[in-house]
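Architecture at a glance
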Amino acid sequence: MRILINGLQAGNRSGTGVYTQRLAEWLPRVAEDLEFAVLWPEKMAPPTSVQVCPRPAGGLRRALSDQWTVRADRRSLNADLVHYPASVGNVLGLPDTVVTVHDLSFLVEPKWFRAGRAAYYRWAVSRSARTARRILADSEATARDLRERLSIPAERIDVVPLGVDEALKPATRDECRDAQERYNLPPRYFLYLGTIEPRKNVARIARAWSRVAKDGVPDLVLAGRYGWKVEPILREVTDSPHTERIHLPGFIAREDMAAVMTGAEAFIWPSLYEGFGLPPLEAMACGVPVLTSNTSSLPEAVGDAALTVNPLDEDAIAEAIRRLATGPALRETLRQAGHARATQFTWRRTAELTAAAYRRTLG
């Protein structure tokens, strides 16, 4: 069997880009009975061990490749199946496709997106999910959303959890010090790392931290690129009575993530909704205690290895931050449990489950 992966999202700096890259790297290692080819951004270093077809990765030419010229690519490469790994598949009804749907946040709460983007996702994801032969969901929570919100039959869905990069592990003291200098971080800090946007609950993090900041709590670092509706979040930071102790270093390069995470005393990530929620597991892999949400897919990811709270309950978030700041024994317990939990999620396993889904699809 020959699989064509539409990897044009590989250059995206979000989680879908990392997921696409890891599939292209790991699938040939774990599925020697399958052959792979990938459509790949023409200006990006290609993966090895697969046939690479460079393509434009932006604008109208990218959209045409996604939806139209992929038909010719499939014929020329003699592919039995096409995998779209970034939620939007072929809306024109291309036969024998697999689509990975990471989440349905645009249906759960459309106000988290620009109106046009939410409308596009509602149409494109819904249509491509309904026409795909098989759907891969990152979590049981996303699989449930697919069944309940899009009426996708359970027998067409496979749950395939994501993996943690092998490079994400506790950094050395020197690496942490270098990262602190590079991003101008304080000596002691609690960390949020992700897009600065409403869905990630960043404004509530800032308010909850501000309420207990004087109780021996380390500084707050809100790291990540600015997203949709960032202005109200930045106002919360400015209005905090401890605004000088809230740090906004911006986007953290992938190669610096381990050091920035390892340097944190705790990872604070009470997101409002996630299709999987990889960052808490990445922090756990770096030996950092985690506070996250008790909703959507996050309890699946972290199990019993993190503090979990209602992400809408500012009192609960503040109290959990205070507990982490004043409880060294709690931090150590979470650090050990979290590190063990993170080892259960590997890209090898993701690739193995993905290859099994390909085989089931083609029978």
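Whatever comes next refers back to the structure up there.
This write-up is about the structure you can find in this document. What you are looking at is a predicted structure, and each value in this text was computed from that prediction instead of being measured.

Cut-off values and rules
Residues numbered from 1 in each chain as written. Predicted model: local features only at pLDDT ≥ 70, side-chain atom pairs only at ≥ 80, totals over all residues. Heavy atoms only, no water. Helix = DSSP H or I, 4+ residues; strand = E, 2+ residues; numbered from the N terminus. Rg over C-alpha atoms; globule rule 2.2 N^0.38 Å. Buried < 20%, exposed > 50% of the residue type's maximum accessible area, 1.4 Å probe, protein only. Contact = heavy atoms within 4.5 Å. Areas by Shrake-Rupley, 256 points an atom, 1.4 Å probe, with all protein chains shown as cover. Lys, Arg positive; Asp, Glu negative; His and termini not counted. Charge placed at Lys NZ, Arg CZ, Asp CG, Glu CD. Phe/Tyr/Trp six-rings, centres within 6.5 Å; stacked < 30°, edge-to-face > 60°. Pairing = 2+ DSSP bridges. Axes fitted to C-alpha atoms, helices over the stretch in contact; angles between N-to-C directions. Core = buried A, V, L, I, M, F, W, Y, C linked by side-chain atoms within 4.5 Å. Polar contact = N/O pair within 3.5 Å; in protein donor to acceptor, adjacent residues only side chain to side chain. Expected span 1.5 Å × (residues − 1). Salt bridge = Lys/Arg side-chain N within 4 Å of Asp/Glu carboxyl O.

**Section: the overall build of the protein**
Scanning the protein from terminus to terminus reveals 14 helices and 13 strands. In terms of overall dimensions, the protein is globule-like: its C-alpha atoms have a radius of gyration of 21 Å, near the 21 Å expected for 363 residues. When the backbone C-alpha atoms are referred to their principal axes, the protein occupies close to 65 × 40 × 35 Å. Out of the 363 residues in the protein, the part that is buried amounts to 58%. Restricting to contacts in the protein with at least 6 residues of sequence separation, those with at least 24 account for 67%. About 15,400 Å² of surface is accessible on the protein, with carbon and sulfur atoms providing 49% of the total. Charged side chains of the protein number 48 positive and 43 negative; the gap between the two group centres comes to 4 Å.

**Some thoughts on the packing of aromatic side chains**
In total, this model carries seven aromatic pairs according to the counting rule given. Taken together, a centroid distance of 6.3 Å and an interplanar angle of 35° make the contact between Trp-112 and Tyr-273 tilted. You can see Trp-112 sitting in the loop between helix H3 (105-108) and helix H4 (115-131) and its partner Tyr-273 sitting in the loop between strand S11 (266-269) and helix H10 (278-285), a full 161 residues away along the chain. Each member of the pair, Trp-112 as well as Tyr-273, carries the same accessibility label: buried. Between the aromatic rings of Phe-276 and Phe-345, the centroid separation amounts to 5.9 Å while the plane-to-plane angle is 65°, which identifies the pairing as edge-to-face.

**Examining the sheet that holds strand S5 (residues 97-101)**
On the basis of which strands lie adjacent, the open sheet formed by seven strands has the order S3-S2-S1-S4-S5-S6-S7 and parallel pairing. Looking at strand neighbours, the two that pair on one side only are strand S3 (51-55) and strand S7 (157-159), the edges of this open sheet. The sheet shows a mean angle of 20° between the axes of neighbouring strands, taken without regard to direction. Bridging between strand S4 (residues 81-84) and S5 involves three bridges; their strand directions are parallel.

**Observations concerning the nonpolar core**
Core analysis: the largest hydrophobic core is formed by 93 residues, its most contacted members being Leu-191 and Ile-321. When residues in this core are grouped by element, the largest group, seven residues, is from helix H1 (residues 15-30). Other than its neighbours up to four places away in sequence, Ile-321 contacts Phe-190, Ala-208, Trp-209, Val-212, Val-217, Ile-268 and Leu-291. Core analysis: the next-biggest nonpolar cluster, separate from the first, contains 32 residues, Leu-39, Tyr-84, Ala-124 and Ile-135 among them.

**Notes on the environment of His-83**
Note on placement: His-83 falls in strand S4. What makes His-83 buried here is its relative accessible area of 0%. For the pair His-83 and Ser-297, spaced 214 residues apart in the sequence, the C-alpha separation amounts to 23 Å. Setting aside chain neighbours within four positions, we find His-83 in contact with Leu-4, Ile-5, Asn-6, Tyr-19, Leu-23, Val-98, Val-99, Thr-100, Leu-136, Thr-354 and Tyr-358. Reaching out from His-83, the side chain makes a polar contact with the side chain of Thr-100 at a distance of 2.8 Å.

**Some remarks on helix H14 (residues 347-362)**
Compared with an ideal rise of 1.5 Å per residue, which puts 16 residues at 22 Å, H14 spans 23 Å between its outermost C-alpha atoms and is within 8% of the ideal. A positive backbone phi angle near 65° is found at Gly-363, which sits one or two residues after H14.

**Remarks on the pattern of salt bridges**
Scanning the model with the defined rule gives 24 salt bridges in all. Note that Asp-158 and Arg-360 form a salt bridge whose closest N and O atoms lie 3.2 Å from each other. Placement of Asp-158 in strand S7 and of Arg-360 in helix H14 is noted, with a sequence separation of 202 residues between them. The class of Arg-360 is partly exposed, set by a relative accessible area of 46%. Between Asp-165 and Arg-254 there is a salt bridge, and its shortest N-O distance comes to 2.9 Å. Separated by 89 residues along the polypeptide, Asp-165 in the loop between S7 and helix H6 (173-182) and Arg-254 in the loop between strand S10 (246-250) and helix H9 (257-262) bring together distant segments of the chain. Taken together, the shared-partner salt bridges connect Arg-22, Glu-25, Asp-165, Arg-254 and Glu-282 into one network.

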